[in-house]
Amino acid sequence: MLKVQSRVMELLKEIEEISEAEGFRYSLAGRTAAMQVLSGGFKCSDYTAEIMMMPEDYRKFCKAV
């Protein structure tokens, strides 16, 4: 795993922790993000992650971070 890929994984884990603590919902979008979660890491040279959330959850996210 590339250093940048490792950092993306760290950020996704941090978002999950904040989500649980603050009570907002989000979803991962795109094949790359799904593969990261299913396999526990990147299996190719991609290093992107797309996150989607509803406006009210986005407001909670912004307030938390």
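Because the structure is predicted, anything quoted here is derived from the model rather than measured.

Caption draft 1: A look at the confidence of the model for the chain. On average, residues of the chain score 82 in pLDDT, and 75% of them reach the 70 mark or higher. The secondary structure element of the chain with the lowest average pLDDT is helix H2 (residues 30–39), at 68, and the one with the highest is helix H3 (residues 55–64), at 94.

Caption draft 2: Molecular detail of the packing of aromatic side chains. The final tally for this structure, using the stated rule, is 2 aromatic pairs. Ring centres of Phe24 and Tyr26 lie 6.4 Å apart, and the angle between their planes is 55°; on these two criteria the pair is classed as tilted. Accessibility expressed as a relative area gives 22% for Tyr26, which makes it partly exposed. Here Phe24 and Phe61 contribute two aromatic rings whose centre-to-centre distance is 5.5 Å and whose plane-to-plane angle is 80°, an arrangement assigned as edge-to-face. Of this pair, Phe24 sits in the loop between helix H1 (3–22) and strand E1 (27–29) while Phe61 is found in helix H3, placing the two residues 37 residues apart along the sequence. Both residues of the pair, Phe24 and Phe61, count as buried. Of the aromatic side chains, those joined through ring pairs into one cluster are Phe24, Tyr26 and Phe61.

Caption draft 3: Inspection of the pattern of salt bridges at higher detail. Counted by the stated rule, this structure contains 3 salt bridges. Of the charged contacts, one joins Arg7 and Glu10 as a salt bridge, the two residues approaching to 3.1 Å between their closest N and O atoms. Within this pair, Arg7 and its partner Glu10 are both found in helix H1, separated by 3 residues, close to a single helical turn. Classification of Arg7 by relative accessible area gives partly exposed; the value is 41%.

The rules behind each value
- Residue numbers run consecutively from 1 along every chain, following the written order of its sequence.
- Where totals are concerned, whole chains, interfaces and linings use all residues; where local detail is concerned, this predicted model gives features only for residues with pLDDT of at least 70, and gives and counts side-chain atom pairs only at 80 or more.
- Computation of side-chain values: all heavy atoms of the structure, hydrogens and water removed.
- On a range of 0 to 100, pLDDT expresses the predictor's confidence in each residue.
- Think of it this way: any DSSP run of H or I at least four residues long counts as a helix, any run of E at least two long counts as a strand, and we number them from the N terminus.
- Two aromatic rings from Phe, Tyr or Trp, using only the six-membered ring of Trp, form a pair when their centres are within 6.5 Å; if the ring planes differ by under 30 degrees the pair is stacked, by over 60 it is edge-to-face, and anything between is tilted.
- Each residue is assigned to one of three classes by its accessible area relative to the maximum for its type, calculated with a 1.4 Å probe on protein chains only: buried under 20%, partly exposed between the two thresholds, exposed over 50%.
- For this document, the term salt bridge refers to a Lys or Arg side-chain nitrogen within 4 Å of an Asp or Glu carboxyl oxygen.

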